[in-house]
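In case you want the letters, here they are:
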Amino acid sequence: MIPLAVPSLNGRELDYLEECISTGYVSSVGPFVARFERAVADAAGARGGVATSAGTTGLHAALTAVGVGRDDLVILPTFTFIGSANAISHCGATPWLMDVTTCSWTLHPEQVQVALERDCVRRGNAVVHVPTGRRVAAIMPVHVLGCPADMDPMIACARRWGLPVVVDGAAALGAVYKGRPVGALGADLTVFSFNGNKTVTCGGGGAVVGDNERLVALVRHLTTTARCGVDYDHDVVGFNYRMTNLQAAVGCAQLEQLASFIAAKQAIQQHYADAFNDIAAVMPFPTPAYGRSACWFAGVILREGLDAQALRASLRERGIDARPFWKPIHLQKPYAAAPRADLVVAESIWRRIVTLPCSVGLTREEQEHVVAAIRQAVA
Ligand SMILES: *Cc1c(COP(=O)(O)O)cnc(C)c1O
C-alpha cells in the first residue's frame, strides 16, 4: 500500500534523541524545547513561541489566554478538524459556525462580517450575539490543508469589533500570505500542530506563536500549570500542556528540513493538478492568488455527482491509500446544536474530496501509479 502521509525522518532526529538520552534531559526543561520554540517562531515570522503537547492543547491555551471562557461563542469555520472545535469546548465556549470560500476552503470573511452586523450588538466592551444572548469572544480562522485563510479582511473585521483572533494554523507552517509567513499576519496568536501526520512532526506536539510578548508569556504560564516561582504557588487554574525535550529534539531536526519538505509537498500537489488538467471531473485543491499553501495534504475534488467513495475504494484496491477529508463540524454529534450561518460551500465540498498519497518521500513512480489508477477509474 502506498501510504497517505508518513513522516520523513532522515535528518538529525536520531542524533538529537541520543543527545536527550545521554544527557538525561527527557522532560520539558530540556534545551531542545527552547531551541524548538525559537525555530518555530522564526519560521513563522513571529516574535515568540511556546511549545505545547499538541495542536489542540495549544489552541485551548491560546483561547484561554485571549479571554475565551464559559458560555462564550467563538467564530469558527465549519470545515476544519474537530480539534479546533474541541479546543473551544474545552474553554466552556461554543463554536459559532461559518462557511468557507470556494477559492481557498477557508473562513469566509464577508460572511463573518455580515453575521456580526446582523446578529450582534455591542454592550460596553462586549460583543453580544442577540439570538443566544452569548458573548462573542474571539474569531478563529483556520489555514485549511496548509492554505492560508484570507487574513487581511478578517483582521480588519476583528479590529472593527474589538475581537481577538486566534488562528488554527495547524498544518500551515511554511505557507505564505501576500508575501508574509503565517505567523506575521496580525493575529493575536497562531497555533501549529506537529502531530505524526503533519508535514513537520514531533511525533505529537504543537506550538503557539505571536508578536505580543505579554500574551506569549501568558500562554507559557498557562501551559506550565500557572506556576509562580520555584515554590508550589499557582495563581490560576493552569494546564500541563508542555512539550517534552524528546519531542522537541525530533522537531528541531525536522525544522532543519522545513524548506525541502514544503517544496516536496508543493511539487506533489502541483503534479496531481497538472496530471488531471484535461479531466474536467477531477479538479485540483484551490490555490488562492493571495498566497501559497504549505500543501499539507494533496488530493483532488470531484465534480458534483461523481462518487468519491467509489473512487477511494477502487484506489485502495490498487494499493493506494486514498481517503476522505474532514466531515464539517456542524455534522458532528457534539456540535449538532451549535449556532451557524449558511454552510453551503462546506456542505458541497466535503463529500467530494479524495486525499492522495503525499508523503515528502513519495517517489515519482509511486505518484505516476496513483495518477494512472485515477485516470483509469474515471475514464
Ligand atoms: C492537525 C490539526 C489539529 C490538531 O492538532 P493535534 O496536534 O493533533 O492536536 C487541529 N486543527 C487542524 C486544522 C489540524 O489540521
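Placed above this text is the structure.
Residues numbered from 1 in each chain as written. Predicted model: local features only at pLDDT ≥ 70, side-chain atom pairs only at ≥ 80, totals over all residues. Heavy atoms only, no water.

Quick look at the packing of helix α9 (residues 258-275) against helix α12 (residues 364-378) now. The interhelical angle for the contact between α9 and α12, taken along N-to-C directions, is 35°, at an axis separation of 11 Å. Helix-helix and strand crossings are classified by hand; for α9 and α12 the assignment is right-handed. Counted together, I268, H271, Y272 and A275 of α9 and R364, Q367, E368, V370, V371 and R375 of α12 form the full contact between these two elements. Residues that form the contact of α9 with α12 fall into these classes: five nonpolar, two polar and three charged. (Axes fitted to C-alpha atoms, helices over the stretch in contact; angles between N-to-C directions. Helix = DSSP H or I, 4+ residues; strand = E, 2+ residues; numbered from the N terminus. Left-handed = near helix turned anticlockwise from the far one by under 90°. Contact = heavy atoms within 4.5 Å. Nonpolar A, V, L, I, M, F, W, Y, C, P; charged D, E, K, R; others polar.)

All right, on to the packing of helix α3 (residues 55-65) against helix α4 (residues 82-90) then. Contact geometry for α3 and α4: axes closest at 8 Å, N-to-C directions at 40°. In terms of their interaxial angle, α3 and α4 are classed as oblique. Relative to α4, the crossing made by α3 is right-handed. Seen from α3, the contacting residues are T56, L59, H60 and L63; seen from α4, they are G83, S84, A87, I88 and H90. Partitioning the contact of α3 with α4 into residue classes produces four nonpolar, five polar and no charged. (Parallel < 35°, antiparallel > 145°, perpendicular 65-115°, else oblique.)

Before going further, it helps to examine the environment of A308. Looking at the element boundaries, A308 is found in helix α10 (residues 308-317). A relative accessible area of 3% means that A308 is categorised as buried. Expressed as a C-alpha distance, the spacing of A308 and A322, which sit 14 residues apart in the sequence, is 9.9 Å. Dropping the residues within four chain positions of it, A308 is found in contact with L302, R351, R352, I353 and V354. (Buried < 20%, exposed > 50% of the residue type's maximum accessible area, 1.4 Å probe, protein only.)

Moving on to the sheet that holds strand β1 (residues 48-52). Within a sheet, adjacent strands bond to each other through the backbone by hydrogen bonds, running parallel or antiparallel. With mixed pairing, four strands are arranged side by side in an open sheet as β1-β11-β10-β7. Each end of this open sheet is capped by a strand with a single partner; those strands are β1 and β7 (166-168). Shown here is a sheet whose adjacent strand axes are inclined to one another by a mean of 20°, direction ignored. Relative to strand β10 (residues 189-193), β7 is paired through three bridges, and the arrangement is parallel. Residue V167 lies in a different strand from β10, and its bridge partner there is T190. Strand contacts of α3: β1, β7, β10 and β11 (206-210), with the helix running at about 165° to β10, the strand carrying the most contacts. (Pairing = 2+ DSSP bridges.)

Our focus in this paragraph is the side chain of R242. Topologically, R242 is positioned in the loop between α7 (213-223) and α8 (245-255). Judged by its relative accessible area of 15%, R242 is buried. Side-chain polar atoms of R242 contact the side chain of E37, separated by 3.1 Å. A polar side-chain atom of R242 sits 3.2 Å from the main-chain carbonyl oxygen of A51. With residues near it in sequence (within four places) discarded, R242 still touches S28, V33, E37, V50, A51, T52, S53, R220, T223 and T224. (Polar contact = N/O pair within 3.5 Å; in protein donor to acceptor, adjacent residues only side chain to side chain.)

Glancing now at the site of the ligand. If you check the shell around the ligand, you find 15 residues, and the closest are G55, T56, D168, S193 and K198. Take G55: an N or O atom from its main chain is 2.8 Å from an oxygen atom of the ligand. Contact between the ligand and D168: a nitrogen atom at 2.6 Å from a side-chain N or O atom of the residue. Contact with the protein chains removes 91% of the 380 Å² of surface that the ligand exposes when unbound. Each residue belonging to the shell around the ligand can be placed in one class, and the counts come to six nonpolar, seven polar and two charged. (Near = heavy atom within 4 Å. Areas by Shrake-Rupley, 256 points an atom, 1.4 Å probe, with all protein chains shown as cover.)

The next point concerns the side chain of S104. As for its position among the elements, S104 is in the loop between β3 (94-98) and α5 (109-119). For S104, a relative accessible area of 2% corresponds to the buried category. Once residues lying within four places of it in the same chain are set aside, the contact partners of S104 are C147, P286, P288 and Y290.

Moving on, we get to α8. Because an α-helix completes one turn every 3.6 residues, residues spaced three or four positions apart along the sequence face the same direction. In terms of burial, α8 is largely enclosed, as ten of its eleven residues are buried. Considering only its buried residues, α8 is in contact with α1 (13-23), α2 (31-44) and α9.

Okay, the pattern of salt bridges next. All told, the structure shown has 14 salt bridges when counted by the stated rule. For the salt bridge of D321 with R323, the shortest nitrogen-to-oxygen distance reads 2.8 Å. Given a relative accessible area of 6%, D321 falls into the buried group. Connected via shared salt-bridge partners are R12, R35 and E256. (Salt bridge = Lys/Arg side-chain N within 4 Å of Asp/Glu carboxyl O.)

Next up on the list: a nonpolar patch on the surface. On the surface, I21, V26 and L246 cluster together into a nonpolar patch covering about 240 Å² of accessible area. Mapped onto the elements, V26 comes out in the loop between α1 and α2. (Patch = residues over 30% accessible without salt bridge, like charges linked within 9 Å, V, L, I, M, F, W, Y side chains within 5 Å.)

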